[in-house]
Amino acid sequence: MAQATANGITIEYEDHGDPSHPPMLLIMGFGAQLTLWPIELVEALVDRGFRVIRYDNRDIGLSHKFDGVKAPGLIKLTILSKLGITPKVPYTLADMADDGAGLLDALEIERAHIVGASMGGMIAQHVAARHSDKALSLTSIFSTTGNPKLPAAKKEAMKVLVTRPASMEEEALVNHGVKLSRTIGSPGYPAPEEKLRDRVRESVRRSVYPEGPTRHLSAIVADGDRRPMLKDVTVPTLVLHGEDDPLVPVEGGRDTAASIPGATIRTFPGWGHDLPMELVEAIADEIAGHAKASAS
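Here goes a summary of the coordinates provided. Owing to the predicted nature of the structure, the values given are computational and were not obtained by experimental measurement. (Residues numbered from 1 in each chain as written. Predicted model: local features only at pLDDT ≥ 70, side-chain atom pairs only at ≥ 80, totals over all residues. Heavy atoms only, no water.)

Let's talk about the overall build of the protein
No. 1: A tally of regular secondary structure across the protein gives eleven helices and eight strands.
No. 2: In summary, the protein has a C-alpha radius of gyration of 18 Å against a globular reference of 19 Å for 296 residues, a match within 12%.
No. 3: Along the first, second and third principal axes, the C-alpha set of the protein runs to 50 × 45 × 40 Å.
No. 4: A burial count over the protein gives 53% of its 296 residues as buried.
No. 5: Contacts in the protein between residues far apart in sequence, at least 24 positions, make up 77% of those at least 6 positions apart.
No. 6: Each charge class in the protein can be summarised by its mean position, and for the 32 positive and 39 negative side chains these summaries are 7 Å apart. (Helix = DSSP H or I, 4+ residues; strand = E, 2+ residues; numbered from the N terminus. Rg over C-alpha atoms; globule rule 2.2 N^0.38 Å. Buried < 20%, exposed > 50% of the residue type's maximum accessible area, 1.4 Å probe, protein only. Contact = heavy atoms within 4.5 Å. Lys, Arg positive; Asp, Glu negative; His and termini not counted. Charge placed at Lys NZ, Arg CZ, Asp CG, Glu CD.)

Here it is, written out as structure tokens:
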């Protein structure tokens, strides 16, 4: 574990692999700590010849918290969005992309392969668009474009995502995390109960900060439709998506690939909105293969 000052805030990060190898920046999603990138996937990418950096986004994990900064509630955000009004929010996805670019600067990394999952995919899209000089390639995982015409998340998936835990006691937090994981996870690759509970418990003991996701959500809604920005992305792009994702339906991935010139897409049946152990090797192959092809 280490910390760096980037974009004016403190960012918690981990740096894995040989520093001389091509760098790869992993950006995690909504309300998720860096540890949601399975260490098995990190190690698989290191084994494939990359220096892999994963980090906590602002307002989550062990990175800077924007304590006391109010964000619009979900109802207000939804109404304003439907009216076509951009809400005033504490920070934007573009700001979060600047965090990632700033972390690369702090680590004296000129360019890196950018990989983002879910909201992290949205942030990665901004990195590729705003900081194309820092991006060797882009991989967008179970993310989307913000196109309002795309299918919405399943109601049960969105409900559990925005519902707060019953209490701040450890067991209640673990139960909530397990329920979330089961609801949005891969129907074709259900995690064993004991391993899932252990993983959630480790996350709870590392950090709990319920206020951060509220500001994350406001940044997502305020970002709107990214398709006009995506048409100008020039870095080689790969889109990975599960065909059974209940939170960000696969149409979001297809729209992402269609919106970025030259992008390719690979979908997997049975894959939901998580990174199951059974798919780690296949996902690592896809990411590494794309990154290596981009560099050739």
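Side note on the sheet that holds strand β4 (residues 51–55)
No. 1: One open sheet holds the eight strands; their spatial order is β1-β2-β4-β3-β5-β6-β7-β8, and the pairing between them is mixed. Among the strands making up the open sheet, the edge pair consists of β1 (2–6) and β8 (264–268). Sheet twist, expressed as the average angle between the axes of neighbouring strands with direction ignored, equals 25 degrees.
No. 2: Relative to strand β6 (residues 135–141), strand β5 (residues 112–117) is paired through six bridges, and the arrangement is parallel. Note that in β6 the partner of V115 across the bridge is T139.
No. 3: Across the face of the sheet, helix α3 (residues 93–106) comes into contact with β1, β2 (9–16), β3 (23–27), β4 and β5 while running at roughly 110 degrees to β1. (Pairing = 2+ DSSP bridges. Axes fitted to C-alpha atoms, helices over the stretch in contact; angles between N-to-C directions.)

Re the pattern of salt bridges
No. 1: The final tally for this structure, using the stated rule, is 19 salt bridges.
No. 2: Between R201 and E170 there is a salt bridge, with its nearest N and O atoms 2.7 Å apart. Of this pair, R201 sits in helix α7 (residues 193–206) while E170 is found in helix α6 (residues 170–184), placing the two residues 31 residues apart along the sequence.
No. 3: You can call R201 buried: its relative accessible area is 19%. (Salt bridge = Lys/Arg side-chain N within 4 Å of Asp/Glu carboxyl O.)

Things to note about the packing of aromatic side chains
No. 1: If you walk through the whole model with that rule in mind, you get three aromatic pairs.
No. 2: When the centroid spacing of 5.1 Å and the interplanar angle of 50 degrees are considered together, the rings of F66 and Y91 count as tilted. With a gap of 25 residues between them, F66 in the loop between β4 and α2 (74–82) and Y91 in the loop between α2 and α3 connect regions that are remote in the sequence. In terms of burial, F66 and Y91 fall into one category: buried.
No. 3: Connected via pairs of aromatic rings, a cluster forms that spans F142, F268 and W271.
No. 4: Between K65 and the ring centre of Y209, over which it is positioned, the NZ or CZ distance is 5.5 Å. (Phe/Tyr/Trp six-rings, centres within 6.5 Å; stacked < 30°, edge-to-face > 60°. Lys NZ or Arg CZ within 6 Å of the ring centre and 35° of its normal.)

Describing α6
No. 1: In a regular helix each residue adds 1.5 Å, so 15 residues correspond to 21 Å; α6 covers 21 Å between its end C-alpha atoms and thus fits that length.
No. 2: Those residues of α6 that fall on the buried side of the exposure criterion are A172, L173, V174, H176, G177, V178 and I184.
No. 3: Those residues of α6 that are buried are in contact with α5 (155–162) and α7. (Expected span 1.5 Å × (residues − 1).)

Thoughts on unusual backbone geometry
No. 1: With a phi angle near 70 degrees, D59 is a residue other than glycine that sits in the positive phi range.
No. 2: Along the chain, the position of D59 falls in the loop between β4 and α2.

A look at the nonpolar core
No. 1: The biggest cluster of nonpolar side chains holds 38 residues, and the ones touching the most others in it are L25, I27, L103 and I114.
No. 2: Ranked by residues supplied to this core, first place goes to helix α4 (residues 119–130) with six residues.
No. 3: Contact partners of I114, with chain neighbours within four places excluded, come to L25, I27, L104, A124, V127, A135, S137, L138 and T139.
No. 4: Core analysis: the next-biggest nonpolar cluster, separate from the first, contains 27 residues, V42, L275, V280 and A288 among them. (Core = buried A, V, L, I, M, F, W, Y, C linked by side-chain atoms within 4.5 Å.)

What to know about the pairing of β4
No. 1: The buried fraction of β4 is high, at five of five residues.
No. 2: Burial along β4 is two-sided: R51, I53 and Y55 facing one way and V52 and R54 facing the other are all buried.
No. 3: Inspection of the sheet shows β2 paired to β4 by four bridges, in the antiparallel sense. Note that in β4 the partner of Y13 across the bridge is Y55.
No. 4: In terms of strand pairing, β3 meets β4 through five bridges, oriented parallel. Bridge pairing in β4 links I27 to Y55.
No. 5: Each parallel crossover has a hand, and the one from β3 via helix α1 (residues 39–47) to β4 is right-handed. (Right-handed = clockwise from strand over helix to strand, strands pointing away.)

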